[in-house]
Each structure stands twice: as C-alpha cells, then as structure tokens.
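Single-letter residue listing:
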Amino acid sequence: MAESLKDKTAKGLFWGGFSNGAQQLLNLLFGIVLARLLDVNDYGMIAMLSIFSLIASTLQEGGFISALTNRRNASHADFNSVFWFCSAVGFSLYALLALAAPLISAFYSIDELTPLARLSFLSFAISSLGIAPRAILFKNLKVKQATIINLSALLISGCVGILLAYNGWAYWGIAWQTITFVSVTTALNFYFAKWHPSLSFSIKPIREMFGFSSKIIVTNIFTIINNDLLSVILGRLYSQHEVGNFNQANKWNSMGHNLITGMINGIAQPVFSSIDNSARQLAVFRKLLRFTALVSFPVMLGICFIAPEFIVIAITDKWIESVPLLQILCCWGAFVPIIKLYTNLLISRGLSGIYMWCTIALSAVQLSLICCSYSLGISWIVMIFVATHIAWLLVWHRFVNREIGLRLFDSLRDIAPFLVIAIVAIAASSLVSCHIGNIYLRFAAKIVVTAALYIAIIWRLQARIFHECIDYLLKRHKQ
C-alpha cells in the first residue's frame, strides 16, 4: 500500500508538473499574442466581471468534488445526484445573473457590460454539467487524463481567442475564448471518465454531503473575494486603464503560481484522504512541503526578478505600468502553493468548518485594512493584500499543527533554506546582469545565471528532496 501510494503520488506530481508546465507555456504564448492585439481597456472590461463568474462557478460546483473525494466507496448514485443537482443550480444561477446584468453595468457605469456579462456567464452554466465526471477523475488521481483535457481545451480556446481578437472582436474574443475552454473541458471530462448520468435522482447523497460541501462553498466564495477583491475595488475607484494594468499583472502572477499549485491540488487531498495514520500524514506532508518550497520560491521570485524585461519583450512597453504590481504580487505568489498545501490537509481531514471560518476571518481582516488605506494608491493596496495573505499562513499552521503535530520550527526548517537560496541566487544574478545594456541579453542572463546558481547550491548542500526528484525522473527515463 505504501509503495502504491508513493508511486501514485509521484506519478501525480509528474503529470501535474508536465500538465501545468505545458498549460502555462500555452498561456504564455496566447497571453503574449492577445496582449499585443488587445488594449488595456479590453482586459479591464473582463476583470470587472471576473468576481461574479467565479462566485457563481463556486456555487454551482457546491463543494461536491471535495465531498466526493472524501466519501468512502462513492457509488454511481452519488455522482448521478451531484450531476443533476449541480446542473440545476448552474443554469438557475445563470438565469439570475443574466437578469442582473443591467445592475452590474450600472454599478460600474458602463452600458457595454450588460451584453458582455450575459455571454460570459454562460461559461459556468456549461461547466456545471462536467462536475460529476471531473470528480471521478480527481478522486481516482487520473492526472494524465486531466492533462490531456486541459491542454486540448487550452489549445482550442486559445486559437479561438486569437482569431477573434485579430478580427477586431476586442473583449468579446476573450469571452468566447472562456466559453470554448469550458465547453471542450466538459465534453472531455465525460469522455475520459467513461461515465454518463441516469434519469433517476436521489436527494439522499446530497443531504449526506451537504454539511461538508456547504462549508466548502462558503470558503471558496470568500477565497474568491479575497483574491479578486482588488479587481472590484479598483474597478469602482479607478479607471479601466488602471484596472487593466492590475489585471495584466495578476494574470502573469497567477500563471506562475498556478504552475506549482496545480501540481499540489491535483494530488494533495486524494493522497491525504487515503492515509489514516497521523504520523504518516505528517511525514507525507513534510515531504510535499519541501517539494513545494523547492519549486515555488525560485519560480515566483524569479518572475519578480525578470518582470521588467519580460513585460517589455513579451507584450511591449504599453504594459510597463503593470511591472511594479506584478513584482509585488509575485511575493504573495511564492507562498500560494504552500498555503494550498496546508488547506488541502485540513479539507482531507474533514475540517471544512475550520477552513471556512479562517477564510472568512482573512477576508474581513483584508477588507478592513484595504478600506483604511485605499487613499494611499494602488501599490499600497496591493502590498497590504500580499502582506495579509502571507502573515495568515501562521493561522493555517496553527490548525495543521493541532491535527498532525507539525511544529513551526520544523515547517520553517523545511521551507526556509529554499527561500534563502533563491534570494541569494537572484542577488548574485543581479550583480552579474545589471551592467548588460541589451534588454534581450539581460533577460537571458538573469534566467540562466539564477537557475544555474540555484541548482548548484542545492546540489552542493545535498538537498534530499531535490535528489529524490532527479532519481525519479531518471527512473522514468529508463522505463
């Protein structure tokens, strides 16, 4: 059982890493093309609607993917009930938000948002159909199949978005790109899950899971509010231009931390849920914590380091105002995968209530701080947002410590070395590259020198998790 779980975890991380790496590469290419074809105001229009779509998507998902993953011996009746329930909720929410679209437009004082909202909100109605088959794939650690689904959907939708933007559809192209993505994803979820719904419906499984899933719903809503609160506040207080710059910075930051978070989210809850022994859970958690820190700090702090050159080279200097915001957000992005690992452990142990109340408290603290400091300007608001999220990691740690006995000293010992090494590598690379005048050579030098120094230092220090990763990759290569 131990070897089987270890093998599944390693394969999940491997395919998760491959999937998210390929996805972010495609997102990078499509993002560059679209940012060159569209202007700041186009992204600002979409950013103003994002929080409504995300909250509605959370409501139609209902937390049932997590609930089904934790449910022992889930049957067809369980998945079938979730399918019909989530589909009904998804289409009902679409009808309500479509009717509310004029109110959203009035809130932002932009009439064009009404038809755009009614089109954009179709995406979560369509995605509600794929929740049950997606839960089957997630519960059974079918990460390879999820990789094929995500890459196929991303490739097709990206081409649609570029084609429409090239032909002058502006922000409509981004909306249709999203609808195409969820449509392809939903269809392929059914194909790979090899599952289809039956006409029978029982409310019993919904009632049994609702106590757990309802807390996940509330938590996810407040998580979205926490992460997207800035878009709403900036959209209300500042111009489309300023919101567009923030949205662009947030997009690149999200692409970076999603590369690592996607790997962790793909395996953490199913793996933790399959372990009954707290001591063994602690050992697995610490190993995943070291792996997450190994990857997250150099990637996210590296993006912060190369941001000035990257933005100008990739999407031209018309987006140069987004650079400082991107650099601030990347400091938070470096800790996002670690935070997700902590919260996945709590969810796997059925502590959706603790997860919910901690997230609500974080939202309240964050909103209070931002309301007190909005007059200081966008940069200060973003810095407060980042500092609050990083500091809140101590709250998550307190509950994980209570559950599996993870001491703060051990946690710091697992992650601090990789943070320090990443900072040292970046500082040394800065000294080497600061005198290079050519922006392309400076960009390349920053990446190469930082990566080489980081790998050399952790190799010299004999970091066990790094050598285990290398051994696994060599083993797969031989196979």
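Up top is the structure.
An account of the accompanying structure is given in this report. Along each chain, residue indices are assigned from 1 in the same order as the chain's sequence is written. It should be noted that, the model being predicted, local features are given only for residues of pLDDT at least 70 and side-chain atom pairs only at 80 or more, the latter also being counted only at that level, while totals for whole chains, interfaces and linings use all residues. The basis for every side-chain value is the complete set of heavy atoms in the structure, and neither hydrogens nor water enter the calculation.

Moving on to the overall build of the protein chain. A run of DSSP states H or I qualifies as a helix once it reaches four residues; a run of E qualifies as a strand once it reaches two. Both are numbered from the N-terminal end. Secondary structure assignment for the protein chain yields 20 helices and 0 strands. Scored against the burial criterion, the 479 residues of the protein chain give a buried share of 53%. Counted over contacts in the protein chain with a minimum sequence separation of 6, partners at least 24 positions apart contribute 87%. In the form shown here, the protein chain has an accessible surface area of approximately 20900 Å², with 67% of it arising from carbon and sulfur atoms. Whether a residue is buried, partly exposed or exposed follows from its accessible area with a 1.4 Å probe, protein chains only, as a fraction of its type maximum: under 20%, in between, or over 50%, in that order. Contact definition: two residues touch when any of their heavy atoms are within 4.5 Å. For the area figures, the Shrake-Rupley method with a 1.4 Å probe applies, and any residue is considered shielded solely by the protein chains shown.

One can find S433 in helix α18 (residues 408-433). On the basis of relative accessible area, S433 is assigned to the buried category, the value being 2%. Among all residues touching S433, those that are not within four sequence positions of it are F305, R442, A445 and K446.

Quick look at a nonpolar patch on the surface now. The patches described consist of residues with a relative accessible area above 30% and no salt bridge, like charges being joined within 9 Å and nonpolar side chains (Val, Leu, Ile, Met, Phe, Trp, Tyr) within 5 Å. Put simply, a salt bridge is a Lys or Arg side-chain nitrogen that is within 4 Å of an Asp or Glu carboxyl oxygen. On the surface, W84, L199, F201 and I203 cluster together into a nonpolar patch covering about 430 Å² of accessible area. Note on L199: relative accessible area 79%, which makes it exposed.

Two measures describe an aromatic ring pair: the distance that separates the ring centres and the angle between the ring planes. Ring geometry is summarised as follows: Phe, Tyr and Trp rings, the Trp one being its six-membered ring, pair when their centres sit within 6.5 Å, and such pairs are stacked at plane angles under 30 degrees, edge-to-face over 60 and tilted between the two. Tallying each qualifying case throughout the model produces 10 aromatic pairs. For the pair W252 and F310, a centre-to-centre distance of 5.1 Å together with 85 degrees between the ring planes defines the contact as edge-to-face. Of the two residues, W252 is situated in helix α11 (residues 240-273) and F310 in helix α12 (residues 278-315); the sequence distance between them amounts to 58 residues. For the pair formed by W252 and F310, the shared burial category is buried. Aromatic side chains Y355 and W396 sit 5.8 Å apart centroid to centroid with 55 degrees between the ring planes, which places their arrangement in the tilted category. Here the residue Y355 occupies a position in helix α15 (residues 352-373), and W396 occupies one in helix α17 (residues 393-404), the gap between them amounting to 41 residues. On the basis of relative accessible area, W396 is assigned to the buried category, the value being 4%. Each residue in the set F83, W84, F190 and W195 is aromatic and connected to the rest through ring pairs, giving one cluster.

Along the chain, the position of S254 falls in helix α11. On the accessibility criterion, S254 (21% relative accessible area) is partly exposed. Separated by 76 residues in the primary sequence, S254 and C330 place their C-alpha atoms 8.6 Å from one another.

Right, let's get into the side chain of D414. Here D414 lies in helix α18. By relative accessible area, which is 4% here, D414 ends up buried. Once residues within four sequence positions are removed from consideration, D414 is found in contact with R286, L289, R290 and A293.

All right, on to unusual backbone geometry then. One non-glycine residue, K194, lies in positive phi territory at about 50 degrees. Inspection of the secondary structure puts K194 in the loop between α9 (171-193) and α10 (204-237). For K194, a relative accessible area of 71% translates into the label exposed. Even without a glycine there, the phi angle at Q462 is positive, about 60 degrees. Relative to the helices and strands, Q462 is located in the loop between α19 (439-460) and α20 (464-478). Q462 sits in the exposed class, given a relative accessible area of 53%.

At their nearest, the axes of α12 and α17 sit 9 Å apart, and the two run at 140 degrees to each other. Judged by the inter-axis angle, α12 sits oblique to α17. Across from S278, Q281, L282 and F285 in α12, the residues of α17 making contact are V400, E403 and I404. Three categories are distinguished: nonpolar for Ala, Val, Leu, Ile, Met, Phe, Trp, Tyr, Cys and Pro, charged for Asp, Glu, Lys and Arg, and polar for the others, with Gly belonging to the last. Residues belonging to the contact of α12 with α17 are distributed by class as follows: 4 nonpolar, 2 polar and 1 charged. Fitted lines through C-alpha atoms give the axes, limited to the stretch in contact for helices. The angle between two N-to-C directions lies from 0 to 180 degrees. Any angle from 65 to 115 degrees is called roughly perpendicular, while one under 35 is roughly parallel, one over 145 is roughly antiparallel, and all others are oblique.

What follows covers helix α7 (residues 131-139). Among the 9 residues that make up α7, 7 are buried, leaving the element largely enclosed by the rest of the structure. Residues of α7 that are buried: I131, A132, P133, A135, I136, L137 and F138. Of the residues flanking the end of α7, it is L141, one or two places downstream, whose phi is positive at about 55 degrees.

Within the fold, T450 resides in helix α19. Taking the C-alpha atoms as reference, T450 lies 8.4 Å from P298; in sequence the two are 152 residues apart. In contact with T450, other than residues within four places in its own chain, are F305, A425, I426, S429 and A445. In this structure the side chain of T450 is engaged in a polar contact, spanning 3.1 Å, whose partner is the side chain of S429. Under this definition, polar contacts are N or O atom pairs within 3.5 Å; protein pairs additionally need one hydrogen-donor-capable and one acceptor-capable atom, and for neighbouring residues in sequence, both atoms have to be side-chain atoms.

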